[in-house]
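Take a look at the letters that make up each chain.
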Amino acid sequence: MIEIFIEDLNQKFTFNEGITLKDILKNLNGKFKDVVGGKLNSEIVDIHTPINQSGNLKFLKKEDKESLEILRHSLAHIMAQALKEIYGDENVHLGIGPTTEHGFYYDVEIEGKRLTDEDLPQIEEKMKEIIKKGYQIERFELPREEAIKFFENKKEIYKIDIIKHNIPEGEPISLYKQGDFVDLCRGPHLPSTDKAGAFKLIYVSGAYWRGKETNPMLQRIYGVAFWSEKELKDYLNMLEEAKKRDHRKIGKDLELFLIDEEIGGGLAIWLPKGAIIRKEIEDAWKKEHLKRGYQLVYTPHVGKEQLWQTSGHLSLYQENMYPRMQIEEEGYYVKPMNCPFHVEIYKSKQRSYKELPIRLAELGTVYRYERSGALHGLMRVRGFTQDDAHIICREDQVEDEIREVLNLALNTLKSYGFDEFEVYLSTKPEKYVGDDKMWEIAENSLRKAIESTGLDYKIDEGGGAFYGPKIDVKIKDAIGRLWQCSTIQFDFNLPERFDMYYIGEDNQKHRPYMIHRAIFGSIERFIGVLLEHYAGFLPVWLSPVQVKIIPIADKHLEYAETVKQKLLENDIRVELDDRNERMNKKIRDAELQKIPFMLVVGDKEAETGTVAVREKGKQGSQTLSIDEFVSKIKEIISNKHAL
RNA sequence: GCCGGUGUAGCUCAGUCGGCAGAGCAGGUGAUUUGUAAUCACCAGGUCGUGGGUUCAAGUCCCACCGCCGGCUCCA
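About the criteria used
Residues numbered from 1 in each chain as written. Chains lettered and ligands numbered in written order. Predicted model: local features only at pLDDT ≥ 70, side-chain atom pairs only at ≥ 80, totals over all residues. Heavy atoms only, no water. Pairing = 2+ DSSP bridges. Helix = DSSP H or I, 4+ residues; strand = E, 2+ residues; numbered from the N terminus. Core = buried A, V, L, I, M, F, W, Y, C linked by side-chain atoms within 4.5 Å. Buried < 20%, exposed > 50% of the residue type's maximum accessible area, 1.4 Å probe, protein only. Contact = heavy atoms within 4.5 Å. Salt bridge = Lys/Arg side-chain N within 4 Å of Asp/Glu carboxyl O. Near = heavy atom within 4 Å. Polar contact = N/O pair within 3.5 Å; in protein donor to acceptor, adjacent residues only side chain to side chain. Nonpolar A, V, L, I, M, F, W, Y, C, P; charged D, E, K, R; others polar. Patch = residues over 30% accessible without salt bridge, like charges linked within 9 Å, V, L, I, M, F, W, Y side chains within 5 Å. Areas by Shrake-Rupley, 256 points an atom, 1.4 Å probe, with all protein chains shown as cover. Domains from an automatic or database assignment. Expected span 1.5 Å × (residues − 1). Axes fitted to C-alpha atoms, helices over the stretch in contact; angles between N-to-C directions.

Visitor: For the pairing of strand β18 (residues 330-334), give the residues involved together with the corresponding values.
Guide: Examined bridge by bridge, strand β16 (residues 302-304) and β18 share three bridges and lie antiparallel to one another. Looking at the pairing, lysine 304 lines up with tyrosine 332 of β18. The pairing of strand β17 (residues 325-327) with β18 spans three bridges and is antiparallel. Counted as the bridge partner of glutamine 326 is glycine 331 from β18. Hairpin connection from β17 to β18: two residues lie between these consecutive antiparallel strands, with glutamate 328 at a positive phi of about 45°.

Visitor: Please provide a residue-by-residue account of the nonpolar core, values included.
Guide: Tyr416, Ile471, Ile475, Phe490, Phe520, Phe526 and Leu530 are the most contacted members of the largest nonpolar core, which has 57 residues in total. Among the elements that make up this core, the one with the highest residue count is helix α12 (residues 398-415) (eight residues). Apart from the residues lying within four places of it in its own chain, the contact partners of tyrosine 416 are Ile281, Ala284, Phe520, Phe526, Leu530, His533, Tyr534, Trp541 and Leu542. Listed in part, the 37 residues of the second largest apolar core include Ile110, Met127, Phe181 and Ile221.

Visitor: With reference to specific residues and values, describe the pattern of salt bridges.
Guide: Within this structure, the stated rule accounts for 56 salt bridges. Linking arginine 359 and glutamate 401 is a salt bridge whose minimum nitrogen-to-oxygen distance equals 2.8 Å. Taken together, the residues arginine 359 in strand β19 (residues 358-367) and glutamate 401 in helix α12 connect sequence positions 42 residues apart. Assessed through its relative accessible area of 17%, arginine 359 is described here as buried. According to the relative accessible area criterion, glutamate 401 is buried, its value standing at 6%. Here glutamate 420 ties to lysine 476 by a salt bridge, and the two come within 3.7 Å at their closest N and O atoms. With a gap of 56 residues between them, glutamate 420 in the loop between α12 and β21 (421-426) and lysine 476 in strand β23 (residues 470-476) connect regions that are remote in the sequence. Three or more residues joined by partner-sharing salt bridges are found here, namely Lys84, Asp89, Lys154 and Glu156.

Visitor: Give me the protein's contact with RNA strand B: which residues, what numbers.
Guide: As a structural note, the neighbourhood of RNA strand B is formed by 52 residues, with Arg114, Ser205, Tyr208, Arg380 and Asn580 the closest of them. One of the side-chain nitrogen or oxygen atoms of aspartate 554 is found 2.8 Å away from a base nitrogen of RNA strand B. Measuring from a base oxygen of RNA strand B, one finds a backbone N or O atom of lysine 604 at 3.1 Å. Those elements giving two or more residues to the surface near RNA strand B turn out to be β11 (198-208), β12 (217-226), α7 (247-253), α17 (583-592), α18 (603-608) and β31 (610-615). For the surface near RNA strand B, the leading source of residues is α17, giving six residues. Of the residues belonging to the surface near RNA strand B, the class tally is 15 nonpolar, 17 polar and 20 charged.

Visitor: How would you sum up a nonpolar patch on the surface? Please name residues and give values.
Guide: Taken together, the side chains of Leu258, Ile263 and Ile269 present a nonpolar region at the surface, about 210 Å² in accessible area. The topology assignment puts isoleucine 263 in the loop between β13 (257-258) and β14 (269-270). Its relative accessible area of 40% is what places isoleucine 263 among the partly exposed residues.

Visitor: So what about the domain arrangement of chain A? Which residues, and what values?
Guide: Annotation of chain A at the domain level lists domain 1 (2-64), domain 2 (67-240), domain 3 (292-528) and domain 4 (540-639). Look at where the C-alpha atoms of domain 1 and domain 3 centre, and you get two points 50 Å apart.

Visitor: For helix α3 (residues 120-133), give the residues involved together with the corresponding values.
Guide: Taking 1.5 Å as the rise per residue, α3 with 14 residues should run 20 Å; its terminal C-alpha atoms sit 20 Å apart, in good agreement. Taken together, the buried residues of α3 touch α2 (67-87), β7 (103-110), β11 and β12. One or two residues past the end of α3 sits glycine 134, with phi positive at roughly 60°.

Visitor: Tell me about the sheet that holds strand β8 (residues 137-142), and name the residues and values.
Guide: Reading across from one edge, β8-β9-β10 is the order of the three strands in this open sheet, with antiparallel pairing throughout. Bordering the open sheet on either side are β8 and β10 (181-184), each of which pairs with just one other strand. Averaged over all pairs of adjacent strands, the angle between their axes in this sheet comes to 25°, without regard to strand direction. Each of β8, β9 (173-178) and β10 is contacted by α2, which is oriented at about 125° to β10, the strand it contacts most.

Below you can see the structure in the form of structure tokens.
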């Protein structure tokens, strides 16, 4: 017997083991008609799942977010059934069909058919038919051998693979059936197909079986799904919105950067306006780092073969490096990382314990080989600039250093308008270098630093690199997407390989701790994220053009010029639109260029020494004296405000 | 790299069944001198991604390659 506390009734019941939600609901005489599943403790169950343990049960209805899991799971099955009906049961071999954040996909192999987007409407139609038919969805179990035999008969080789490799011996093998369609599945599923909500198939693509390149490539059909048409529509609109925010489009429209096939894929050129954004970010970065006791350095883009041999990059990282080049009998490599150079700076003289911590910082441009299919605008490139630094310190300094770095990272990201973070702590993997005590000190300092911020974090047990544990920080942008930025990483490998040491109080050599860290990760990518976050409407301090002066007619050009000079004297980035165009046209163009301030000057302004200030996106204007405007915008700039 | 899609003027795109390569914006010239999101006229702009093939004839059909887009993989 098991005891189930049903939250919706606020009452405890005793049932036989193996009871299902369906039975429970039946006992309640159909009082809960709209229940699509349940949540037993923290696990989502459907109405078919036998319940074998006592616990808390909450009915899931459509309003409950978690019920989407059930809907999407069933839609994956409905899609699979549709594919089998269209292309023939024996031709369609099913892979996996999981749910995703907004929908579901199914990886399938279809003999004799390569799907394209044009096939999607037909599949959708068939799915709708299946939904309309309202097949009851049933769950049943088979013994392992029978299950394998069952799928062998159906030539479902991937399902057999799953049974053999993913389901431990002795565990029950559950299958779900709707109409003639049967699939290996642990659920959860809807009571019947006609309970399915609104969905749309959005693309097909290739996906390796089990994500492994050496495995055959299956066809992935991806759908989005919600309970209501409205939610679906909202989501599709959001996708459209994301498309408008695409930094590649904004970069082109606002002439910020260029990625051109003549130059090479993944190699970004910064145009004058984009270069300003980058300069502002880099200047602020340098200023902040100097304030916090970092020393700025510059290192070359290539280094000798021996250096990369010593660092271990040639044996561990070579597949990401560009090939060797030969210069006068010597081999050289373009740098994929800055670390070895910073290590050499440390080693350039004997170090005393009194000098530590040493914090070496560099906006170092590195080059890494990326496969052509992986390149994506500024987000994924082959040459990028890391806001890199290496902290070399004593054991007793580790904790403070980590806390300071995390503090710097979060404060910096906040100053760019990001205030939602996801923090991950990755700990010691199976294979590692360094001794256990160092790992322990390092992991503890990382954990303590995160806990001091009060942020939630996730632990990736065993997810650290072989050379040290790390913290990763992801930021959430305006439309809810996550981007990896900061990383704080211990390195127990390089100090060993390069024999780094300092002379301690005891006059003995000691091995220092080395911490590798970046706040933005990559400047290029960070700017890409900024552009998408702000949809191109950057905060005023980052705007390439902060003010556009718009004379009404040619006769106002002279006054406009004096306004421009006044702003230039105050370090404000200003352009004068002296084209022979109508004011309306100039305003429109300035709006399209996402320029935060427009100053319209005509007879009135020239006479009174004022400007008519129009803020981007707002109609109408406010008349201010030139000085008033200057102090207003200067304040906005120094506070890094967005409009 | 792999799967699918796609490639026409600086940009956004049209181009029917294979039959003389188009529009809007941007650019140039001129007119106009304008009060809060597009003034008008004229001009110029093309190896239709590249290379092969089929055909009397290819932007259009076929093949290969390249780039880009969406995924897979990988990751800053």
